[in-house]
Amino acid sequence: MENIIVNEEDLRLDTYISSKYENLSRTMIQKLIEDGNVLVNDKPKKISYKIKMGDNIKIYFPEAKEVDIKPQEIPLEIIYEDNDIIVVNKPKGLVVHPANGNPDGTLVNAIMALCKNSLSGIGGEIRPGIVHRLDKDTSGLLIVAKNDLAHINLSNQIKERQVKKIYIALVRGIIKEDYATINMPIGRSTVDRKKMAVRKDGKEAITHFKVLKRYKNYTLLEIKIDTGRTHQIRVHMAEIGHPVVGDMVYSNGKNEFDVKGQMLHAKSLDFKHPITGKEMHLEAEVPEYFKEVLKKLERDYE
């Protein structure tokens, strides 16, 4: 059981709990409330209840249940692993979570097979603790928590922007600036609900980039993000007229290299180990197809 003494006013009950538990989805929190596992001053309340200063909120987390996700032996490049976390170099084309259209063959299925006896139970389900995500066609480093303590700690590090991520991207066109910051809010597109877009009423999204090399008609970038909005890098680069090469959603996807999927790679991660507190720095080279495109550009550039 978790016990919280409220020090705020007028927020909805589910919104307030969500602000305290970043690792729990709003849907999970609402289910806890609806199932009577959340009491305010020892009484059940509706999801829409407006909290008051001094309210005593008790949250009872039911025993975690096994989820119906099939463990699958899918080859993964493991960059680091111990009893608490596993960091993998996700290949382009691998979906992270099972969903409609991708019921299996995902990273979660692969991790279920690797970590049968050590999985997080956050949210009432025993499953790999995916604390951040990469798009299907983005490659690179991804951390998975193997237990609840690691899951909660890593989620809080991400919430506090203490996890540093560096990406490598090849974008169309020549970017004149050596360094720049894109600060444009991002929200769900009003035209296509499957897409994100720059919107005045969106959530804060900050992307920093540094030019690594300019080629004929292309620029290689090192990118850091302060925020982790859905499709953030892809949306920002397309918005300034330099979409990521191969991006089928935010550009027409056409490129002279016939690359399918965006040339975007999560190269490095810096974070504190969730249990020991040790400073961690991990890297993964860009994939071979990415290297081959750069070699071709080098030849054309010479």
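Bear in mind that the values here come from a model prediction, so they are computed numbers and not experimental data.

**Q** Explanation requested: the nonpolar core in the structure shown.
**A** In globular proteins that are soluble, nonpolar side chains generally tend to be buried together. Judged by nonpolar contacts, the single largest core of 31 residues is most densely connected at Leu107, Ile111, Leu142, Tyr167, Leu221, Ile223 and Met237. Listing elements by their share of this core, those giving two or more residues are strand E7 (85–90), helix H3 (107–114), strand E10 (139–145), strand E11 (164–172), strand E15 (206–215), strand E16 (218–225), helix H5 (232–239) and strand E17 (264–272). In terms of residue count, the dominant contributor to this core is H3 (5 residues). Apart from residues lying up to four places away in sequence, Leu107 is in contact with Leu76, Val88, Leu94, Val95, Val96, Ile130 and Leu142.

**Q** What is the right way to read the packing of aromatic side chains from this model?
**A** Geometrically, a pair of aromatic rings is defined through the distance of the ring centres and the angle of the planes. By the definition in use, this model includes 2 aromatic pairs. Their ring planes at 50° and their centres at 5.3 Å tell us that Tyr218 and Phe257 sit as a pair that is tilted. Pair noted here: Tyr218 is in strand E16 and Phe257 is in the loop between H5 and E17, with a separation of 39 residues, a long-range link. Accessibility expressed as a relative area gives 15% for Phe257, which makes it buried. Taken together, a centroid distance of 6.2 Å and an interplanar angle of 45° make the contact between Tyr289 and Phe290 tilted.

**Q** Explain helix H4 (residues 148–159) to me, please; I cannot follow it from the model alone.
**A** For the α-helix, the turn length of 3.6 residues means that residues three or four positions removed from each other point alike. Taking 1.5 Å per residue, 12 residues should reach 16 Å; H4 reaches 16 Å between its end C-alpha atoms and fits that length. Taken together, the buried positions of H4 are Ala150, His151, Leu154, Ser155 and Gln157. Projected down its long axis, H4 shows its buried positions confined to an angular sector of 160°, all on one face. The inward-facing, buried residues of H4 contact E7, strand E9 (129–130), E10 and E17. A distance of 3.3 Å separates the backbone nitrogen of Leu149 from a side-chain oxygen at the start of H4, and that oxygen is part of Asn147. The positive-phi residue at the C-terminal boundary of H4 is Arg161, with phi of around 60°.

**Q** In this structure, what is going on with the sheet that holds strand E3 (residues 43–44)? I would like to understand it.
**A** Paired through their backbone hydrogen bonds, the strands of a sheet run either parallel or antiparallel. Strand order across the open sheet formed by 4 strands is E1-E4-E2-E3, with antiparallel pairing between neighbours. In this open sheet, the two edge strands, each paired with only one partner strand, are strand E1 (2–5) and E3. Strand direction decides the pairing type here: strand E2 (residues 38–40) and strand E4 (residues 56–59), joined by 3 bridges, are antiparallel. Bridging from a neighbouring strand, Leu39 pairs with Lys58 of E4.

**Q** What is the right way to read the side chain of Lys58 from this model?
**A** Examined against the element boundaries, Lys58 turns out to sit in strand E4. A distance of 2.9 Å separates polar atoms of two side chains, one belonging to Lys58 and the other to Asp42. The residues touching Lys58, leaving out its near neighbours within four places in the chain, are Met1, Glu2, Asn3, Asn37, Val38, Leu39 and Asp42.

**Q** What exactly am I supposed to notice about the environment of Gly36 here?
**A** On the secondary structure map, Gly36 appears in the loop between helix H2 (26–34) and E2. Along the sequence, Gly36 and Lys46 sit 10 residues apart, while their C-alpha atoms lie 9.4 Å from each other.

**Q** What exactly am I supposed to notice about the packing of helix H1 (residues 13–20) against H2 here?
**A** The axes of two packed helices give the description: the angle between them and the distance between them. Remark: H1 packs on H2, axes separated minimally by 9 Å, with the N-to-C direction vectors making an angle of 125°. Classed by the angle they form, the pair H1 and H2 counts as oblique. Relative to H2, the crossing made by H1 is right-handed. Residue-level inspection shows Leu13, Asp14, Thr15, Ile17 and Ser18 of H1 in contact with H2, the latter providing Arg26, Ile29, Gln30 and Ile33.

**Q** It is not clear to me how the pattern of salt bridges should be interpreted in this structure. Could you clarify?
**A** Pairs can form between side chains of opposite charge once their charged atoms are near each other. Tallied over the full model, the rule gives 16 salt bridges. Among the ionic pairs, Lys296 bridges to Glu256, the shortest N-O distance being 3.7 Å. With Lys296 in helix H6 (residues 288–301) and Glu256 in the loop between H5 and E17, the pair connects residues that are 40 residues apart, well separated along the chain. Residue Asp258 is joined to Lys260 by a salt bridge in which the shortest nitrogen-to-oxygen separation is 2.5 Å. If you follow the salt bridges from partner to partner, you end up with Asp135, Arg234 and Asp247 in one network.

About the cut-offs
Residues numbered from 1 in each chain as written. Predicted model: local features only at pLDDT ≥ 70, side-chain atom pairs only at ≥ 80, totals over all residues. Heavy atoms only, no water. Core = buried A, V, L, I, M, F, W, Y, C linked by side-chain atoms within 4.5 Å. Buried < 20%, exposed > 50% of the residue type's maximum accessible area, 1.4 Å probe, protein only. Helix = DSSP H or I, 4+ residues; strand = E, 2+ residues; numbered from the N terminus. Contact = heavy atoms within 4.5 Å. Phe/Tyr/Trp six-rings, centres within 6.5 Å; stacked < 30°, edge-to-face > 60°. Expected span 1.5 Å × (residues − 1). Arc of directions from axis to C-beta. Polar contact = N/O pair within 3.5 Å; in protein donor to acceptor, adjacent residues only side chain to side chain. Pairing = 2+ DSSP bridges. Axes fitted to C-alpha atoms, helices over the stretch in contact; angles between N-to-C directions. Parallel < 35°, antiparallel > 145°, perpendicular 65-115°, else oblique. Left-handed = near helix turned anticlockwise from the far one by under 90°. Salt bridge = Lys/Arg side-chain N within 4 Å of Asp/Glu carboxyl O.

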